[in-house]
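# Structural description and commentary
Spelled out, the chains give:
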Amino acid sequence: MKIAILGAGAMGSLFGGLLAESGQDVTLLDINDAHLQAIRATGLRLETDSGNRLVSGLSACRPEQASIQPDLLLVFTKSLSTAAALAGTAGLIGPRTLLLTLQNGLGNVEAVSRFVAREQVLIGMTTWPADLVGPGHVHSHGLGVIRIMAADQREREDVKQVAAILSAAGLCCTADQAVWKAIWEKVAFNAALNTLCAVTGCTVDQLGAAPEGMALASAIIGEVVAVAQAEGIDADAAHCRETVAHAIAHHVGHEPSMLQDVLAGRATEVGAINGAVVEKGRHHRVATPHTQTLLMLVRLMEAKAQAT
Ligand code: NAD
C-alpha cells in the first residue's frame, strides 16, 4: 500500500518507520527541513523496545515536493496545524485516498472532512507513545494499541484492511465501532494530566506527590465524562481515573507534550482538548469549571510566551 504520513514528527516518524520496516511504501511529509534532510541522508533512527536501528527506504520531503497519490494518508500534525498541512497536500489526495487521523483531542474529523468527502475519513485513537530525540531520530518506549473506525460509522472492509496493515507493522490495530468512547476517555486523561503538568511544571509522577494532584485530575475527569455522556458517549470515569493513577505511578520523569510545548514557548493543543470540552459543555449546560480554569491558565502561558 502507498502510505503518506502528513506530519512526520514523533508519532508520524514512529508509524512511518514501522510501516516501512513491514514492507509498505512510505513517504514522510513534513516542513521540518533538518529532520527530512537527516532521514534522506542516513535513514530514520528508530529506538523502540525491539531495538535501536536505522530504517532506510523511506521517502521524506515537503508536501509541495511530493508527487505521489497515496492510498492512505495518516494525519499526524498537532491539531493546530491540520488545516495548514492539508491545504499543502491539495494535489496529492485523490478521490480514493483514505485519510486517517489519530491525533489527540476533539474536532479532528471536522478538520479533515473540510478537505475530503466524509467517506474518505477514518478516525481513531492510539496509546502508542513517541518522542522526537533530534533530527531523524525517534524514540518510543513501551507498547500501545490503535483503534480505528470510519467517520461515517459504517463497518467497512477498507477499514479492516487498514487495521491489518497497521497490525502487520506491529502497531496492534483493531477496527472497532466504540472508537468515540476511547477518544473521549483519552481526552479526559489529557485534559487532566497534560494541563495540570503544563501549568505546574510537574512531571507526571510529581503530580501524584500531593493528594491535590489526583484530586484536581479527578475533578477534571468527572467534568469531561459528564460532557461525553451528554453527547451520548458511554465514557467511564473510573477507567479514566485508573489510567491517570497508573501514569502517575509508572511514568516517572515523563513530561507530557503540553508541558514540553509550554516550556519551549510553543502553542499547545489545549484548544482541541479542554477548549472543545468547555464548548460542548456550554452547549449541553454541563458545568466544567476545573477544565475551563486549566484552559485559561494554559492560554495565559501561551500568550505570555508569544509576548516575550
Ligand atoms: P510532533 O510535534 O512531534 O509532530 C508534528 C509534526 O507536524 C512536526 O514534525 C511538524 O514539523 C509537522 N508539521 C507542522 N505543520 C506542518 C505542515 N503544514 N505540513 C506538514 N507537516 C507539518 O507531534 P507528535 O507528538 O508526533 O503528535 C502528533 C499528534 O499525535 C498530536 O495530535 C498528538 O496529540 C498525538 N499523539 C501524540 C503522542 C505522543 O506520544 N507523542 C501519542 C498519542 C497521540
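Below: a short report on this structure. In this text, all values refer to a predicted model and were calculated from it rather than measured experimentally.

### Re the sheet that holds strand E9 (residues 131–134)
With mixed pairing, four strands are arranged side by side in an open sheet as E4-E3-E10-E9. Edge positions in the open sheet fall to strand E4 (51–55) and E9, since each of these has one partner strand only. Each strand axis lies, on average, 25° off the axis of its neighbour in the sheet, ignoring direction. Together, strand E3 (44–48), E4, E9 and strand E10 (137–139) form the strand contacts of helix H1 (residues 10–21), whose direction differs from that of E3 by roughly 95°. In this fold helix H2 (residues 33–42) packs onto E3, E4, E9 and E10, with an angle of close to 95° to the strand it touches most, E3.

### Considering the pattern of salt bridges
Within this structure, the stated rule accounts for 13 salt bridges. Measuring nitrogen to oxygen at the nearest pair gives 2.7 Å for the salt bridge that ties Asp-176 to Arg-147. Of this pair, Asp-176 sits in the loop between strand E12 (173–175) and helix H6 (179–200) while Arg-147 sits in strand E11 (residues 146–150), placing them 29 residues apart in sequence. Taking the relative accessible area as the measure of exposure, Asp-176 reaches 18% and is therefore buried. Close ionic contact of Arg-299 with Glu-302 constitutes a salt bridge, the shortest N to O distance being 3.4 Å.

### Describing the site of the ligand
Close to the ligand lie 21 residues, the nearest being Ala-10, Met-11, Asp-30, Asn-104 and Glu-269. Within the contact set of the ligand, an oxygen atom lies 3.4 Å away from a backbone nitrogen or oxygen of Gly-9. Contact between the ligand and Met-11: an oxygen atom at 2.8 Å from a main-chain N or O atom of the residue. For the ligand, whose unbound accessible area comes to 830 Å², protein coverage reaches 83%. Here the residues of the shell around the ligand sort into ten nonpolar, seven polar and four charged.

### Overview of the packing of H6 against helix H12 (residues 289–307)
Following both chains from N to C, one finds H6 and H12 inclined at 45°, their axes separated by 10 Å at the closest point. Here H6 lies oblique to H12, going by the angle between them. The hand of the H6/H12 crossing is left-handed. Between H6 and H12, the residues in contact are Thr-195, Leu-196, Ala-198 and Val-199 and Leu-294, Leu-297, Val-298 and Met-301, respectively. When its residues are assigned to classes, the contact of H6 with H12 shows seven nonpolar, one polar and no charged.

### Considerations on the environment of Thr-200
Relative to the assigned elements, Thr-200 resides in helix H6. Taking C-alpha positions, Thr-200 is 9.9 Å from Gly-213, a pair spaced 13 residues apart along the chain. Of note is the side chain of Thr-200, whose polar atom sits 2.6 Å from the backbone oxygen of Leu-196.

### A look at the nonpolar core
If you look at the biggest cluster of nonpolar residues, it comprises 63 residues, and the most contacted ones within it are Leu-29, Leu-73, Leu-86, Trp-184, Leu-193, Ile-221 and Val-224. Of the residues forming this core, the biggest block, 13 residues, is contributed by H6. In this structure, Leu-14, Val-138, Leu-171 and Cys-173 belong to the second largest nonpolar core, which totals 39 residues.

### Describing helix H8 (residues 211–230)
Over its 20 residues, H8 runs 29 Å from end to end, which matches the ideal 28 Å to within 8%, given 1.5 Å per residue. When we look at burial in H8, the residues that qualify are Gly-213, Ala-217, Ile-220, Ile-221, Glu-223, Val-224, Val-225, Val-227 and Ala-228. Buried residues in H8 make contact with H6, helix H7 (204–207), helix H9 (237–250), helix H11 (271–284) and H12. Gly-232 occupies a position one or two residues after H8 and carries a positive phi of about 90°.

Rules behind the numbers
- Residues numbered from 1 in each chain as written.
- Predicted model: local features only at pLDDT ≥ 70, side-chain atom pairs only at ≥ 80, totals over all residues.
- Heavy atoms only, no water.
- Pairing = 2+ DSSP bridges.
- Helix = DSSP H or I, 4+ residues; strand = E, 2+ residues; numbered from the N terminus.
- Axes fitted to C-alpha atoms, helices over the stretch in contact; angles between N-to-C directions.
- Contact = heavy atoms within 4.5 Å.
- Salt bridge = Lys/Arg side-chain N within 4 Å of Asp/Glu carboxyl O.
- Buried < 20%, exposed > 50% of the residue type's maximum accessible area, 1.4 Å probe, protein only.
- Near = heavy atom within 4 Å.
- Polar contact = N/O pair within 3.5 Å; in protein donor to acceptor, adjacent residues only side chain to side chain.
- Areas by Shrake-Rupley, 256 points an atom, 1.4 Å probe, with all protein chains shown as cover.
- Nonpolar A, V, L, I, M, F, W, Y, C, P; charged D, E, K, R; others polar.
- Parallel < 35°, antiparallel > 145°, perpendicular 65-115°, else oblique.
- Left-handed = near helix turned anticlockwise from the far one by under 90°.
- Core = buried A, V, L, I, M, F, W, Y, C linked by side-chain atoms within 4.5 Å.
- Expected span 1.5 Å × (residues − 1).

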